[in-house]
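Structural characterization, general
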Amino acid sequence: MHVTRGFTGRPRVHNPGLPPGQYDAGDEWPVLSAEVTPDLTPADWSFRVDGLVEKPRTWDWAQAHELAASAYEGDIHCVTSWSKFGVRFGGVSLDTFLDVVRPHGSATHAVAYSHTGYTTNLPLADLTGGRAWIAWEYDGKPLAPEHGGPARLLVPHLYFWKSAKWIAGLRILDHDEPGFWEQNGYHARGNPWQEQRYSGD
Amino acid sequence: MTEIFPRPAFTPTTRFAVPGRIAVSGRAAALWQTATLTEIRRETPLAATFRFSVPAWAGHLPGQHLMLRLTADDGYVAQRHYSIASAPDDSGHIELTLDHVEGGEVSGWFHGVAKPGDEVEVRGPLSGFFAWPGDRPALLIGAGSGVVPLMSMVRHHRARDLRVPLRLLVSARSPQELIYARELGAETTPVFTRSAPEGVPVGRVAAAHVAPLLAEQPPGGWEAYVCGSNAFAEHASRLLLEAGQPVDRIRIERFG
Ligand SMILES: Cc1cc2nc3c(=O)[nH]c(=O)nc-3n(C[C@H](O)[C@H](O)[C@H](O)COP(=O)(O)OP(=O)(O)OC[C@H]3O[C@@H](n4cnc5c(N)ncnc54)[C@H](O)[C@@H]3O)c2cc1C
């Protein structure tokens, strides 16, 4: 530990929900995408799951909305150090989509890609078991474009760059394939509790 | 539900796919190093430049940022990202320029407590995405402290006497709040949003500022770098798109 002279920091209440190195962003929701926010309407949006699956499938907006609704209420953590507590997202559990396409037994990973071409990789185990969603509502309202609307991937137990905005699809693979930030020095998995920020962590 | 497959392979509707510009060393990025403050230079009433000696600094490219952490004596840690302001050739030294954010935990320490001799910890450089190796013509648009990584590019351009075209469009509230004012030269167009010198209009960065820059198309076209608050980044990237800049040649660094 390298103490900084004269640095006391803010008065702090111990918050067991705050991963190491994170701070509580309160009401703020910073936007951190490297790309231009696309003009993507629900009519342009679609979501596809293919790769190592039995039945590749594409859902349009209406078809995706026919699936059983599922909500996430909890915390989110961005690698740039902010966390946001008690947020509410609405959408559909990723399990529901995966149940339709049926990944092969050999499947281990997925690459999530956006309508903008952004990509990020995830172990399949992080996308199943009620831990990931396709989300289109935030706090009961349509998800704002700069936060990934009309729909984004939501994997709240990993750093938020894994929750690809403007989600277009998942390609299911039997190996790990680094996505955009992962090729730019970020960690392959991104677990905030283990501070997996950069590739050397 | 009807099955709708096979479908043609996915092609993104807009081509982001802006590739990273350099490979980032995972080792350098993972390692915390001690940085010793050697000098503080006031830039504006709200911003100051902090110069550090970091003897084992692996080097960086203009546009890259680092992560900085401060530790309180009970072990409490605050870490924030800061763009590197200095050009790469400043061996063993780096400079950061920080705005004094009201109530800010880290910028508050820098502006209120820090003095030469103090030590902080840094890791980096991070992210090869916003980096500019000095190869392609660069069109830089920044607001407030968003000019920091862009200034590293301008300084690099000068230090290496590069011939590749470089233009900087920078927005500040007033001439007094324009960071690096005394260093900006012919490559720069300042835009003032609250008060401006006699005869200079007051207003936001607008299509009229962007159009002449895009009218002048260097060979291979511009690589655009936009940096500032999210609101500014949204505004400036829209202007660029509307003026015809390809979406996959716009790189954005948002300070939050
Ligand atoms: C890639 C990147 C590069 C960056 N580069 C630069 C740069 O070159 N220069 C620069 O100046 N900045 C830069 N930033 C922004 C920087 O990382 C910090 O966000 C900024 O310095 C503010 O940090 P802080 O600790 O001073 O403020 P924080 O303590 O984080 O506070 C930020 C705001 O929240 C309010 N706030 C939040 N919680 C509380 C609380 N509990 N009590 C009181 N107030 C609160 C504060 O009043 C303040 O308005 C960059 C950001 C990124 C992501």
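Residues numbered from 1 in each chain as written. Chains lettered and ligands numbered in written order. Predicted model: local features only at pLDDT ≥ 70, side-chain atom pairs only at ≥ 80, totals over all residues. Heavy atoms only, no water.

A look at the overall build of chain B
Note the cut-off: Numbering of helices and strands runs from the N terminus; a helix is a DSSP stretch of H or I covering at least four residues, while a strand is a stretch of E covering at least two. Burial status follows relative accessibility: with a 1.4 Å probe on protein chains alone, a residue under 20% of its type maximum counts as buried, one over 50% as exposed, and anything between as partly exposed. In what follows, residue pairs with any heavy atoms lying within 4.5 Å of each other are defined as contacts.
Along the backbone of chain B there are five helices and 11 strands. Looking at chain B as a whole, 54% of its 256 residues are labelled buried. Long-range pairs, those at least 24 residues apart, make up 68% of the contacts in chain B between residues at least 6 apart in sequence.

Here's the deal with the site of the ligand
Cut-off, in case you're wondering: Definition of nearness: a residue and a molecule or strand are near each other if at least one heavy atom of the residue lies within 4 Å of the molecule or strand. Pairing of N or O atoms within 3.5 Å defines a polar contact, subject to two protein rules: one partner must be a possible hydrogen donor and the other a possible acceptor, and residues neighboring in sequence count only if both atoms are side-chain atoms. Accessible surface is estimated by sampling points in the Shrake-Rupley manner with a 1.4 Å probe; for residues, cover comes only from the protein chains shown.
Taken together, 21 residues surround the ligand, and among them Arg10 of chain A together with His81, Tyr82, Glu102 and Ser107 of chain B come closest. Bordering the ligand are residues originating from chains A and B. At 2.5 Å from an oxygen atom of the ligand is found a side-chain nitrogen or oxygen belonging to Arg10 of chain A. Between the ligand and the protein, one listed contact pairs a nitrogen atom with a backbone N or O atom of Thr97 of chain B at 2.9 Å. Protein chains bury 75% of the 970 Å² of accessible surface belonging to the ligand in isolation.

Points about the pairing of strand β7 (residues 119-123) of chain A
Residues and elements named next belong to chain A. Here is the rule we go by: Any two strands are treated as partners once DSSP identifies two or more bridges connecting them.
Buried residues dominate β7, accounting for four of its five residues. In terms of strand pairing, strand β6 (residues 109-114) meets β7 through five bridges, oriented antiparallel. Paired with Val111 across the bridge in β7 is Asn121. From the end of β6 to the start of β7, which pair antiparallel, there are four residues, and Gly117 there has a positive phi angle of about 100 degrees.

What about the sheet that holds strand β2 (residues 46-51) of chain A?
Residues and elements named next belong to chain A. Heads up, the rule is: All axes are obtained by fitting lines to C-alpha atoms, using only the stretch in contact for helices, and the reported angles, taken between N-to-C directions, cover 0 to 180 degrees.
Pairing is mixed in the open sheet, where five strands are placed in the order β3-β2-β11-β6-β7. Two strands in the sheet have a free side with no partner beyond their single neighbour: β3 (57-60) and β7. Between one strand and the next, the sheet's axes are offset by a mean angle of 15 degrees, whatever the strand orientation. Relative to strand β11 (residues 167-173), β2 is paired through four bridges, and the arrangement is parallel. Residue pairing for β11: Arg48 is matched across the bridge by Gly169. Helix α2 (residues 94-101) rests against β2, β3 and β11 of the sheet, and its axis sits at about 135 degrees to β3.

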